[in-house]
Amino acid sequence: MKHHFLKKTVFTAILGAALCCSTACGLRGGQENTDAEGQEGGTDTNAELQGNNKTNDGTDSLYYDGADLAGTVMEFSESGFTISPETVTEVDGGTLSEEAAPGHEDETKFISVVYTENTTFQIVTFDRERQAEDSRTETDKESIKKQTSVLIFGEKQDEKHWTAEKVTIMRWQ
């Protein structure tokens, strides 16, 4: 019984990590668009997924839409939540995004995010097939659940604490 549980847990962790990496590689546009439609004035899906990659202070961002921070929601507090941060590395002219598989997060890397009464919330929905943004809608903090992928736009207080001006929930369909 223990052996079956261990085997299933390891398989799930590996599968989760592979899915995170493959989804993130598509999201970050690590490959060129070779689709004829994209070359003939159609939509370049990689450019769509990269969005505006400038942060609030005008510096380059490795995250979608110019976010300052990205990760997965782990816990909640009265004034915000804690995330397991996404790590982004530049590789061969593109970027590689990595997140811990569910259940294998390193709590020492968690970051606390606080929102204020002026923080805005939105949901960005992506189409898996087209690898493109489908819609963007305003929402509220109640839409954030555990294991939600989020983008944080705001100010870094220190290595483990951020104040969010905007929180974007990332959803794939």
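Our subject is the structure listed above.
This write-up is about the structure you can find in this document. (Residues numbered from 1 in each chain as written. Predicted model: local features only at pLDDT ≥ 70, side-chain atom pairs only at ≥ 80, totals over all residues. Heavy atoms only, no water.)

1. Some details on the pattern of salt bridges
For side chains of opposite charge, pairing can occur when their charged atoms come near one another. For clarity, the threshold we go by: When a carboxyl oxygen of Asp or Glu lies within 4 Å of a side-chain nitrogen of Lys or Arg, that pair is called a salt bridge.
Inspection of the entire model under this criterion finds five salt bridges. The partner of R130 in a salt bridge is D134, with the nearest N and O atoms 2.5 Å apart. When the shortest N-O distance is used, the salt bridge between K156 and E159 registers 2.9 Å. Residues joined in a network through salt bridges with shared partners are D127, R130 and D134.

2. Focus: the nonpolar core
Counted only if it meets this: In this description, a nonpolar core means a group of buried Ala, Val, Leu, Ile, Met, Phe, Trp, Tyr and Cys residues linked to one another through side-chain atoms lying within 4.5 Å. Buried residues are those whose accessible area, probed at 1.4 Å on protein chains only, stays under 20% of the maximum for their type, while exposed residues exceed 50% and partly exposed ones sit between those limits. By definition, any uninterrupted DSSP run of H or I lasting at least four residues is a helix, any uninterrupted run of E lasting at least two residues is a strand, and each is numbered from the N terminus.
If you look at the biggest cluster of nonpolar residues, it comprises 16 residues, and the most contacted ones within it are F81, I83, V113, I144, V150, I152 and V167. Looking at this core, the elements that each hand over two or more residues are strand 1 (69-77), strand 2 (80-85), strand 5 (111-127), strand 7 (149-158) and strand 8 (161-172). Among the elements that line this core, the one with the most residues is strand 5, at five residues.

3. Points about the side chain of S84
Stated formally: In what follows, a contact means two residues having at least one pair of non-hydrogen atoms within 4.5 Å.
Inspection of the secondary structure assignment puts S84 in strand 2. Discounting chain neighbours no more than four positions away, the residues touching S84 are G71, T72, M74, E99, A100, E105 and F110.

4. Comments concerning the packing of aromatic side chains
Threshold: Aromatic rings from Phe, Tyr and Trp, taking only the six-membered ring of Trp, are treated as a pair when their centres fall within 6.5 Å; an angle between ring planes under 30 degrees marks them as stacked, one over 60 as edge-to-face, and anything in between as tilted.
A full pass over the atoms with the stated rule returns four aromatic pairs. With a centroid separation of 6.0 Å and an interplanar angle of 45°, the aromatic rings of F81 and Y115 are classed as tilted. One end of the pair, F81, is in strand 2; the other, Y115, is in strand 5, with 34 residues separating them in the sequence. For the pair shown, F81 and Y115 are each scored as buried. A ring pair is formed by Y115 and F121, whose centres lie 5.4 Å apart and whose planes are at 80°; its orientation type is edge-to-face.

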